[in-house]
Each structure stands twice: as C-alpha cells, then as structure tokens.
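Residue strings, one per chain:
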Protein chains: 2
Amino acid sequence: MKVDELDAKIVRLFTEEQRMSVLEASRILKVARATVQARLDRMIANGVIARWAPEPEPRAFGFPVVAFCFLTINQDLGHDAVSKTLAEIPEVIEVHTVSGDSDLMARVAARSNSDLQRVLDIIMATKAVVRSSSVIALNTHFEGRTLPLLEAAARG
Amino acid sequence: MKVDELDAKIVRLFTEEQRMSVLEASRILKVARATVQARLDRMIANGVIARWAPEPEPRAFGFPVVAFCFLTINQDLGHDAVSKTLAEIPEVIEVHTVSGDSDLMARVAARSNSDLQRVLDIIMATKAVVRSSSVIALNTHFEGRTLPLLEAAARG
DNA sequence: TCGGATCTGGGCAGAATGCGCAATGGATGT
DNA sequence: ACATCCATTGCGCATTCTGCCCAGATCCGA
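This structure is a prediction, so every number in the text was calculated from the model and none was measured.

Engineer: What am I meant to see in the protein's contact with DNA strand C here?
Structural biologist: In the neighbourhood of DNA strand C, 13 residues make up the surrounding shell, with Ala-32, Thr-35 and Arg-39 of chain A together with Leu-23 and Arg-33 of chain B lying closest. Among atoms of DNA strand C positioned within 4 Å of the protein, sugar and phosphate together represent 70%. Arg-39 of chain A places a side-chain nitrogen or oxygen 2.6 Å from a phosphate oxygen of DNA strand C. Arg-33 of chain B is positioned such that a nitrogen or oxygen atom in its side chain is 3.0 Å from a base oxygen of DNA strand C. Elements with a minimum of two residues in the surface near DNA strand C: α3 (33-45) of chain A together with α2 (22-29) and α3 (33-45) of chain B. Here the surface near DNA strand C gets four residues from one element, more than from any other, and that element is α3 of chain A. Across the surface near DNA strand C, the residue classes break down as five nonpolar, three polar and five charged.

Here it is, written out as structure tokens:
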C-alpha cells in the first residue's frame, strides 16, 4: 500500500502518546476527525498497521535472556509442521525459515542462561529439530523501530 | 515484576480485540473497572507492557524482505557508537550485541533482494562495520508471540 | 473534462473515561 | 487477637470521545 506523510504523522502521534484520541489527533494535525479515522481504518485494513495491542516485554516479567537459535529440522517433517510444534513452546517468540546453513531461526526467551539450556532441551526433545546453534543477545540496543521506515516510505 | 492470571487475561483481551474498552473488559472478567485500570497502569509502569502503539508492518508498505545481518564492527568505535550510527538508517529495525563470531546482529528490511544489497552497502559505507554476513528470512511463521509466555509466567 | 474518491465541518445519541469517595476483604506482622 | 496496609469494589458525576450520519467542497487520475 502507498502511504503519505499524513499517514506517517498519524502513526507517529499514536505511537508517541498512547493516550491520544482520534479527536485530539485531528486537532493537532489540523484535519477533520473523519480523515484521521479513515486513514487509520485504511491502514489497519491494508495491514500497514499490523497490530495495535499491549506488548508484553519478557525482560520485565522474568525472562531477561534472549537468544537466536538456528535450527536444522528433521527432514521427514516440513517447515510448517516444525514451526507449529515450536509454537507450542511459550518461550519461542518468533520463527522464520531462513537461507543459509540452517533451516529455521527462532527467537527464544529464557529466565537465565541455564534456563535457556532447558528450553533448548525441550526444543530438541520434540524430535522436530536435529541440530541447533545459538547466539545470545548480550545487549539489545533497539527493537521494533519501524516508524522511521514508515516515514521514509511516506517521503517517497 | 510478578504477574497473575488476571493480568494475563487482561492483556489477552486487549490483544485480541483492539476496540476493547476498559469498561467492557471489566464486565467480561467480572471485576471492577478500577481493578482493570489499576492492573493496566501497574503493568505499564513496570514495563511489562512495553508499548501499546500501532505497529507498522514493513511487508505491507513496500519492504517485503527481512534479513538478519551479523556484523563485525570497527574496533575503534564502541558497540554503542556503532548502534547509534545504524539507528540512522531507517531500514535497520533492530540491533543487538551478540555472543559468537560477530559483534552485532541487525534486523534489516528491504524492498527486494537487490535493495538489500543497497542497504548493506549503506551500512558498510559508514565505516562503523568492517564485515557482514546475512541470513535472509524466506518465510516468517510467526513473530512477536509474547502472550503465551506471559500466560506461562502468570501460571507459575 | 468528467467521475470517483477523499476531505470537510457539522450534528447527535450513546458510551467510555478520569476522578473522587467510603466500604469491604485479605494478608501480614506484632 | 489486633492493628495496619493494600487491592478491590461499587457508586456517582462532569467531561470527553466515539460511531454514525449527512451535504458540499476539492482533488486527482483516466
């Protein structure tokens, strides 16, 4: 979908002030309330705004460790079947099929480094994965920073 | 912070129905409105709810390609300085310091595979990075699935 | 130049919010 | 047993926002 600068400004407003109302946004941007409504509806309908929900942060409730695990899967099962199996483990936050030496990459949260071992054991115990190799995130500089990209897309 | 099952149910409600109001949530959960308010305020104050904002999805506005880039940084600069430099590139969505052979891992969005090359060139041109190696996400099975983990934390 | 899409400003009923309050209940420490 | 603290409850009230409708103005692409 094509987005323009007004779209980006709307998203920025609602991102920076979570208590922003549509009416208040329309006042700030000096457009009609119906316009803000319509833009939001359109962006949600087209998936430009994928979700708009409270985001639990594992670091804040006992899971300070994040690791990226590269998995080689059991070839008897497909990627989809394996990802479905992994989806049953709550510590698995994210799964992609990737290019390169491995088949899948998973983002995993854990209570500690030794707890990460426990989660990896659970993953291996499913028999869906035959090999894994992990990289631990020692420090997260930033995440989910999609707003600048939206603004870049809006400019041209 | 400690979360209980009511906290998790509240987050789940607001995640599944974006038009959920605090009043409606209190009716569904059969608790007082003030309780839902207080729980939300507490979770936001403690960072359990890290953000509550419209999430732009790069795939929906012209950036269907996602790659994870492992970067070796110029040792004259620190990790923080390099991540700040990377933060000026809108296509860089996420940056972590990681264990293993590389120094940083970055999530990068791009318009196409050849556009990814352009972004990588921009990254290298900063002179903050001396080597990079990328893994392309061919298929994203799921992302940002933190709710099951919150519920697990609430149970135990 | 025409037609469709978008933006505008307005109104209106219903709903939700922000705020304050006193009473209740449960857990804890002495 | 008792006092204390804190979360929860139910209530009311003024203010604000939403959802929905409309007619007219305006913009943009075919």
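Moving on from the model shown.
Engineer: Is there a simple way to think about the protein's contact with DNA strand D in this case?
Structural biologist: Taken together, 13 residues are adjacent to DNA strand D, and Val-22 and Arg-33 of chain A together with Ala-32, Thr-35 and Arg-39 of chain B come closest. Ala-32 of chain B is positioned such that a nitrogen or oxygen atom in its backbone is 2.9 Å from a phosphate oxygen of DNA strand D. Here a phosphate oxygen of DNA strand D and a side-chain polar atom of Arg-39 of chain B are 2.5 Å apart. Taken together, the elements giving at least two residues each to the surface near DNA strand D come down to α2 (22-29) and α3 of chain A together with α3 of chain B.

Engineer: Looking at this structure, how should I read the relation of the copies chain B and chain A?
Structural biologist: Each of the two chain copies can be generated from the other by rotation about an axis followed by a shift along it. The two copies are related by a screw motion: chain B maps onto chain A through a turn of 180 degrees and a shift of 0.0 Å along the axis, at an RMSD of 0.1 Å. Here the transformation between the copies is reduced to the relation of a two-fold axis.

Engineer: Sorry if this is basic, but what is going on with the side chain of Glu-55 of chain B here?
Structural biologist: Its place among the elements puts Glu-55 of chain B in strand β1 (residues 49-56). Not counting residues within four places of it along the chain, the set of residues in contact with Glu-55 of chain B comprises Val-48, Ile-49, Ala-50, Arg-51 and Glu-55 of chain A.

Engineer: Help me out: how do you make sense of the sheet that holds strand β3 (residues 92-98) of chain A in this one?
Structural biologist: In sheet architecture, strand pairing relies on hydrogen bonds along the backbone and comes in two forms, parallel and antiparallel. Judged by pairing direction, the barrel is antiparallel, and its eight strands sit side by side in the order β2(A)-β4(A)-β3(A)-β5(B)-β2(B)-β4(B)-β3(B)-β5(A) before closing back on the first. Strand after strand, the sheet turns through a mean of 40 degrees between neighbouring axes, direction not considered. Pairing of strand β2 (residues 65-73) of chain A with strand β5 (residues 129-142) of chain A, which is carried by eight bridges, proceeds in the antiparallel orientation. Note on β5 of chain A: the bridge partner recorded for Phe-68 of chain A is Val-135 of chain A. Along the sheet, helix α4 (residues 79-86) of chain A makes contact with β2, β3, β4 (104-110) and β5 of chain A together with β5 (129-142) of chain B, crossing β5 of chain B at roughly 90 degrees.

Engineer: Sorry, what's going on with the pattern of salt bridges here?
Structural biologist: Pairing between side chains becomes possible if they bear opposite charge and their charged atoms approach one another. One pass over the structure, following the stated rule, counts 32 salt bridges over all chains. Note that Arg-39 of chain A is salt-bridged to Asp-7 of chain A, the shortest N-O span being 2.9 Å. Highlighted residues: Arg-39 of chain A in helix α3 and Asp-7 of chain A in helix α1 (residues 5-16), separated in sequence by 32 residues. Both residues of the pair, Arg-39 of chain A and Asp-7 of chain A, belong to the buried class. Counted as one network, the salt bridges with shared partners bring together Glu-57, Arg-59, Glu-94, Arg-107 and Glu-143 of chain A together with Glu-57, Arg-59, Glu-94, Arg-107 and Glu-143 of chain B.

Engineer: When you look at unusual backbone geometry in this model, what are you seeing that I'm missing?
Structural biologist: Phi is mostly negative for residues that are not glycine, and the peptide bonds are mostly trans. All names here are of chain B. A positive phi angle, close to 60 degrees, is found at Lys-30, a residue other than glycine. For Lys-127, which is not glycine, the phi torsion reads 70 degrees and is therefore positive. Inspection of the secondary structure puts Lys-127 in the loop between α5 (113-125) and β5.

Engineer: Any chance you could explain the interface of chain B and chain A here in plain terms?
Structural biologist: As a measure of interface size, the accessible area lost when the parts come together is often cited. Taken together, the contact between chain B and chain A spans 65 residues of the former and 64 residues of the latter. Of the roughly 5,800 Å² buried where chain B meets chain A, counting both sides, 60% is carbon and sulfur surface. Across the contact surface, chain B and chain A share six salt bridges. Where Glu-55 of chain B meets Arg-51 of chain A, a salt bridge forms, and the shortest distance between an N and an O atom there is 3.2 Å. Taken together, the connections running from chain B to chain A amount to 38 residue pairs in polar contact (both at pLDDT 80 or more). A breakdown of the residues in the side of chain B that touches chain A according to their chemical character gives 38 nonpolar, 15 polar and twelve charged. Across seven bridges, strand β1 (residues 49-56) of chain A lies against β1 of chain B in antiparallel orientation. Paired with Trp-52 of chain A across the strands is Pro-54 of chain B, a residue of β1 of chain B.

Engineer: Would you mind showing me how to read the packing of aromatic side chains here?
Structural biologist: For any pair of aromatic rings, the description rests on two quantities: the centre-to-centre distance and the angle between the ring planes. Within this structure, the stated rule accounts for five aromatic pairs over all chains. Summarising the aromatic geometry, the rings of Phe-61 of chain A and Phe-63 of chain A are spaced 5.9 Å apart at their centres and angled 70 degrees between planes, so their arrangement reads as edge-to-face. When its relative accessible area of 3% is taken as the criterion, Phe-63 of chain A is described as buried. Note on Phe-14 of chain B and Trp-52 of chain B: the rings are 5.3 Å apart at their centroids and 80 degrees apart in plane angle, and the pair reads as edge-to-face. Of this pair, Phe-14 of chain B sits in helix α1 (residues 5-16) while Trp-52 of chain B sits in strand β1; the two residues are 38 residues apart in sequence, bridging distant segments of the chain.

Cut-offs and rules
Residues numbered from 1 in each chain as written. Chains lettered and ligands numbered in written order. Predicted model: local features only at pLDDT ≥ 70, side-chain atom pairs only at ≥ 80, totals over all residues. Heavy atoms only, no water. Near = heavy atom within 4 Å. Polar contact = N/O pair within 3.5 Å; in protein donor to acceptor, adjacent residues only side chain to side chain. Helix = DSSP H or I, 4+ residues; strand = E, 2+ residues; numbered from the N terminus. Nonpolar A, V, L, I, M, F, W, Y, C, P; charged D, E, K, R; others polar. Least-squares fit on C-alpha atoms with pLDDT ≥ 70 in both. Contact = heavy atoms within 4.5 Å. Pairing = 2+ DSSP bridges. Axes fitted to C-alpha atoms, helices over the stretch in contact; angles between N-to-C directions. Salt bridge = Lys/Arg side-chain N within 4 Å of Asp/Glu carboxyl O. Buried < 20%, exposed > 50% of the residue type's maximum accessible area, 1.4 Å probe, protein only. Buried area = accessible area lost by both parts, 1.4 Å probe. Phe/Tyr/Trp six-rings, centres within 6.5 Å; stacked < 30°, edge-to-face > 60°.

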